[in-house]
Amino acid sequence: MRRTLEKGAILSLSLLLTSTYSVSTVIPRMMNDYQGYDRSQVEQLISITSIAIMVIILLNPWISKWIREKVSIVAGLLLLAAGGIVPVFVQGYWAVFAGRLVLGAGIGLVNVYAIDIINSRFEGDERSALLGYRGSAEIVGNTALTLVVGQILGAGLDWKYCFLIYLAAVPVLICYLLFVPESGSPGTKKQEKKASADRSGIKGMAKDLILNGCYGALFIGINSCTTMRIPSLVLEKGIGTEVQASLITSLMMGAGIVAGIIFGSLAKALKGRLQKTGLIVFGAGMAVMAAAGNLWLLGFGAVVTGLAFSVLIVTVFERIPKKFPAGATTLATTCTLVGCNLGAGISPRVLKIIDLVNDRMYMSFAVFAVIVAVIGILQREEP
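Residues numbered from 1 in each chain as written. Predicted model: local features only at pLDDT ≥ 70, side-chain atom pairs only at ≥ 80, totals over all residues. Heavy atoms only, no water.

Caption draft 1: Quick peek at the overall build of the chain. Each helix and strand in the chain was counted, giving 17 helices and zero strands. Burial analysis of the chain (383 residues in total) assigns 51% to the buried set. Accessible area of the chain: about 17000 Å², with a carbon and sulfur share of 67%. (Helix = DSSP H or I, 4+ residues; strand = E, 2+ residues; numbered from the N terminus. Buried < 20%, exposed > 50% of the residue type's maximum accessible area, 1.4 Å probe, protein only. Areas by Shrake-Rupley, 256 points an atom, 1.4 Å probe, with all protein chains shown as cover.)

Structure follows, in structure tokens:
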């Protein structure tokens, strides 16, 4: 029983790791309050968290020398909660901006150990299963928090109260302190340290390291843009309300849970064509969303997009042990995570560039549809 509670507490750490965009539904209402700021600046309040996460991930090799795992996780959860709820008390643009940076620092500190804590304490099939559940926990947490935000807006409350969702870090912290023993204490398993890759090997892998980071940035960046623009798209087309937009966003995220369940079967069936097929399907889903004239069609496009996105992001991390030697997998994972957070962080700027050409909300969906579909068609099948 104790071991089960420990696993549950460890998995709960991943529930808030992708919560940055759970409050995206409030963007239209925030626009009304932040007069004098353009759309990209308001959207930046949501996405700036990803930049802070990326910085912490880059600094982790130095942070880990001075701060133990438990201290890092506890501090991360406290910063997550404190930074996340800043908008509830202070709505000034730069105060909210600072709070989102603190939120990102907290998520970054937890993110660093969310995978490593499983790798170091569990082995074999048990470890593989938990890593799969961890990915699902991210989606479940994001979906649940997005639904809560939708309900808060639907109740007619001010948008600032939506940021109370970050208090969810408190029960996660309590569970961690109660059920997860110190690393290296009785009942835990320690993984042997992997040998470091030599300098010449790292140089030879530079191309694959950059490619993995770019793919992570592409997939996460497009998904972040999509999440931020769905509420505005629904309102501009006049096909629904903010609450319904929140449901569409949650539907897209929920589709990722299904993708995780069927990923193994898809990988076996499509083999080296999985990423290529995923890109084409991703583009098709984005195209449907761009052209949707009602909520049903938009919801269908969101499901297709959510399924394809989750499959694609898993393929990026799944290829790491295949492409890189054991001593370089940590470096490859770090580069990929940096790419993912960079993609999310610059997403408002990308949207602003698209808006300069055409500021209709459907245009970003159409542009991304073309980009990923073309990449998918041109991409070679993997052996």
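Continuing now.
Caption draft 2: How the structure looks around the pattern of salt bridges. Taken as a whole, this structure holds five salt bridges when the rule is applied. Taking the shortest distance from any N to any O, the salt bridge between Arg3 and Glu6 comes out at 3.1 Å. Of this pair, Arg3 and Glu6 are both found in helix 1 (residues 2–12), three residues apart, which corresponds to roughly one turn of the helix. Note that Asp355 and Arg229 form a salt bridge whose closest N and O atoms lie 2.8 Å from each other. Within this pair, whereas Asp355 is found in helix 16 (residues 347–357), its partner Arg229 is found in helix 10 (residues 206–237), the two being separated by 126 residues in sequence. Neither residue differs from the other here; Asp355 and Arg229 are each classed as buried. (Salt bridge = Lys/Arg side-chain N within 4 Å of Asp/Glu carboxyl O.)

Caption draft 3: Just helix 8 (residues 169–179), in detail. Within the span of helix 8, buried status applies to Ala169, Val172, Leu173 and Tyr176. Taken around the axis of helix 8, the buried residues stretch over an arc of 100°, which confines them to a single face. (Arc of directions from axis to C-beta.)

Caption draft 4: Looking closely at the nonpolar core. The biggest cluster of nonpolar side chains holds 92 residues, and the ones touching the most others in it are Val26 and Leu298. Top contributing element to this core by residue count: helix 6 (residues 93–121), with eleven residues. In this structure Val26 touches Val149, Leu153, Trp159, Cys162 and Phe163, once residues within four positions along its chain are discounted. Judged by nonpolar contacts, the second largest core, of six residues, contains Ala259, Phe263, Ala267 and Val311. (Core = buried A, V, L, I, M, F, W, Y, C linked by side-chain atoms within 4.5 Å. Contact = heavy atoms within 4.5 Å.)

Caption draft 5: How the structure looks around helix 11 (residues 242–270). Taking the largest bend as the criterion, helix 11 deviates by roughly 55°, centred on Ile262. Lys271 occupies a position one or two residues after helix 11 and carries a positive phi of about 50°. (Bend = angle between axes of the 7 residues up to and from the residue.)

Caption draft 6: Main features of the confidence of the model for the chain. Confidence in the prediction of the chain, expressed as mean pLDDT, is 84, and 89% of residues score 70 or more. The lowest-confidence element of the chain is helix 9 (residues 199–204), averaging 54 in pLDDT; the highest-confidence one is helix 5 (residues 86–89), averaging 96. (pLDDT = per-residue confidence, 0-100.)

Caption draft 7: A look at a nonpolar patch on the surface. Among the surface-exposed residues, Leu157, Tyr161, Leu164, Leu167, Val170, Ile174 and Leu178 lie close enough to one another that they form a single nonpolar patch of about 570 Å² accessible area. Of note, Leu167 is situated in the loop between helix 7 (124–154) and helix 8. The class for Leu167 is partly exposed, based on a relative accessible area of 38%. (Patch = residues over 30% accessible without salt bridge, like charges linked within 9 Å, V, L, I, M, F, W, Y side chains within 5 Å.)

Caption draft 8: Main features of the side chain of Thr25. Within the element layout of this structure, Thr25 appears in the loop between helix 1 and helix 2 (27–33). Discounting residues that sit within four places of it in the chain, Thr25 has contacts with Val149, Leu153, Pro231, Glu242 and Ser246.

Caption draft 9: View of the environment of Gly254. Inspection of the secondary structure assignment puts Gly254 in helix 11. Sequence separation between Gly254 and Ser136 is 118 residues, and the spatial gap between their C-alpha atoms is 9.5 Å. Apart from the residues within four sequence positions on either side, Gly254 is in contact with Ile139 and Thr143.

Caption draft 10: Region of the structure containing the side chain of Arg229. Exposure remark for Arg229: the relative accessible area of 1% places this residue in the buried category. A polar contact of 2.8 Å, which involves the side chain of Arg229, links it to the side chain of Asp355. In contact with Arg229, not counting residues within four places along its chain, are Arg39, Glu43, Leu351, Asp355, Met361, Ser364 and Phe365. (Polar contact = N/O pair within 3.5 Å; in protein donor to acceptor, adjacent residues only side chain to side chain.)

Caption draft 11: Here's a closer look at the packing of aromatic side chains. Overall, the coordinates contain nine aromatic pairs when judged by the stated rule. When the centroid spacing of 6.1 Å and the interplanar angle of 90° are considered together, the rings of Tyr34 and Tyr37 count as edge-to-face. Here Trp159 and Phe163 contribute two aromatic rings whose centre-to-centre distance is 5.9 Å and whose plane-to-plane angle is 75°, an arrangement assigned as edge-to-face. What makes Phe163 buried here is its relative accessible area of 0%. By the ring-pair criterion, three or more aromatic residues cluster together here, those being Tyr34, Tyr37, Tyr93, Trp94, Phe97, Trp159 and Phe163. (Phe/Tyr/Trp six-rings, centres within 6.5 Å; stacked < 30°, edge-to-face > 60°.)

Caption draft 12: Highlighting the environment of Lys323. Within the secondary structure, Lys323 is located in helix 14 (residues 320–323). Relative accessible area serves as the criterion here: at 37%, Lys323 is assigned to the partly exposed category. Lys323 sits 114 residues away from Leu209 along the chain, and the two C-alpha atoms are 9.4 Å apart.

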